[in-house]
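If you want the building blocks of each chain, they are given just below.
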Amino acid sequence: MSSARRKGAKVLNQFFADDTMLYSQSVTGWEEAVDLVTQPLLSRGTIRPQYVDAIKKSISSPGGTYIDLGYGIALAHARPEMGVVTTLLAVLHVSQPFLLADSPEHRITTLFCLAAESNERHLELMKELASLLSNARWRQQLESVSNEEELRCVFTGEEDNS
């Protein structure tokens with residue numbers, strides 16, 4: 001991994017907790033994906049249930065696929081005042097793509113959930129994520145993960161020794 005990519009991954013890594021990097025072979029649809037990626041944030045008290053509701057309402061509304069960042073990656077989020085308590089990131093990677101908002105044009109394998117307690121923090125995390133997403137090798141590494149440990153390694157820059 002290049003030093004710039006490693007730095008970007010490590011900057012983002014500080015916003016994950018041990019239990020907020022998730023892998024699943026498949027999900028039944030986008031709503032289950034949102035439920036899975038937000039569950040550790042709810043359990044930790046990082047977000048409130050109304051934040052999950054706001055994310056689902058946004059996705060199901062016209063234009064809700066705006067969270068599709070391309071490359072099979074989406075960023076679920078809502079406004080901080082909708083129920084963010086503290087800043088934290090979660091990510092769910094699935095082997096079998098799901099359709100965002102049930103739209104065949106929006107096949108997703110990696111869903112991030114961004115819970116940022118302020119607009120400034122939101123923008124900081126978006127900038128770091130955009131930096132990683134612009135790197136084709138990093139995206140390829142992300143797409144090839146097949147378990148939570150490999151997913152964690154994508155963000156820590158460490159090698160998987162399993």
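Computed from a predicted model, the values in this text were never measured in an experiment.

Engineer: What should I look at first to understand the pairing of strand β5 (residues 107–115) in this one?
Structural biologist: Working note: regular strand, side chains alternate between the two faces of the sheet. Burial analysis of β5 places eight of its nine residues in the buried class, which makes it a mostly covered element. Bridge analysis of strand β4 (residues 88–99) against β5 gives eight bridges, and the strand direction is antiparallel. Paired with Val91 across the bridge in β5 is Phe112.

Engineer: How should I be thinking about the pattern of salt bridges in this particular structure?
Structural biologist: Opposite charge on two side chains makes pairing possible when the charged atoms of those side chains draw close. For the structure on display, the rule yields five salt bridges. For the salt bridge of Asp19 with Arg44, the shortest nitrogen-to-oxygen distance reads 2.8 Å. Of the two residues, Asp19 is situated in strand β1 (residues 16–24) and Arg44 in helix α2 (residues 30–44); the sequence distance between them amounts to 25 residues. For Asp19, a relative accessible area of 33% gives the class partly exposed. Between Glu124 and Arg121 there is a salt bridge, with the nearest N and O atoms lying 3.1 Å from each other. In this pair, Glu124 and Arg121 are both assigned in helix α4 (residues 119–133), three residues apart and thus about one turn of the helix distant. Residue classification places Arg121 among the partly exposed positions, given a relative accessible area of 31%.

Engineer: Explain the nonpolar core to me, please; I cannot follow it from the model alone.
Structural biologist: Among soluble globular proteins, nonpolar side chains are generally buried collectively. The biggest cluster of nonpolar side chains holds 29 residues, and the ones touching the most others in it are Tyr51, Ile55, Phe98 and Leu111. Excluding residues within four positions of it along the chain, Phe98 makes contact with Val27, Gly29, Trp30, Ala33, His106, Arg107, Ile108 and Leu111. Counting 21 residues, the second-largest nonpolar core is a separate cluster that includes Phe112, Ala116, Leu133 and Trp138.

Engineer: Honestly, the packing of aromatic side chains in this entry has me stumped. Any pointers?
Structural biologist: Here the distance between the centres and the angle between the planes together describe a pair of aromatic rings. In the structure shown here, the tally under the stated rule is three aromatic pairs. Ring geometry for Phe16 against Phe155: centres 4.8 Å apart, planes inclined by 55 degrees, an arrangement best described as tilted. Taken as a pair, Phe16 in strand β1 and Phe155 in helix α6 (residues 148–156) lie far apart in primary sequence, 139 residues in all. Given the relative accessible area of 0%, Phe155 is considered buried. Geometrically, the ring pair formed by Phe112 and Phe155 is edge-to-face, given 6.0 Å between the ring centres and 85 degrees between the ring planes. Of the two residues, Phe112 is situated in strand β5 and Phe155 in helix α6; the sequence distance between them amounts to 43 residues. Exposure class is identical for Phe112 and Phe155. Each is buried. Three or more aromatic residues joined by ring pairs form one cluster here, namely Phe16, Phe112, Trp138 and Phe155. Directly above the ring of Tyr71 sits Arg139, whose terminal nitrogen or CZ lies 3.5 Å from the centroid.

Engineer: When you look at α4 in this model, what are you seeing that I'm missing?
Structural biologist: Because the α-helix completes a turn every 3.6 residues, residues three or four places apart line up on one side. In a regular helix each residue adds 1.5 Å, so 15 residues correspond to 21 Å; α4 covers 21 Å between its end C-alpha atoms and thus fits that length. Those residues of α4 not exposed but buried are His122, Leu125, Glu128, Leu129, Leu132 and Leu133. Buried residues of α4, seen end-on, are gathered within an arc of 140 degrees and therefore sit on one face of the element. Exposed side chains of α4 directed beyond 90 degrees from the buried face belong to Glu120, Leu123 and Lys127.

Cut-offs applied
Residues numbered from 1 in each chain as written. Predicted model: local features only at pLDDT ≥ 70, side-chain atom pairs only at ≥ 80, totals over all residues. Heavy atoms only, no water. Buried < 20%, exposed > 50% of the residue type's maximum accessible area, 1.4 Å probe, protein only. Helix = DSSP H or I, 4+ residues; strand = E, 2+ residues; numbered from the N terminus. Pairing = 2+ DSSP bridges. Salt bridge = Lys/Arg side-chain N within 4 Å of Asp/Glu carboxyl O. Core = buried A, V, L, I, M, F, W, Y, C linked by side-chain atoms within 4.5 Å. Contact = heavy atoms within 4.5 Å. Phe/Tyr/Trp six-rings, centres within 6.5 Å; stacked < 30°, edge-to-face > 60°. Lys NZ or Arg CZ within 6 Å of the ring centre and 35° of its normal. Expected span 1.5 Å × (residues − 1). Arc of directions from axis to C-beta.

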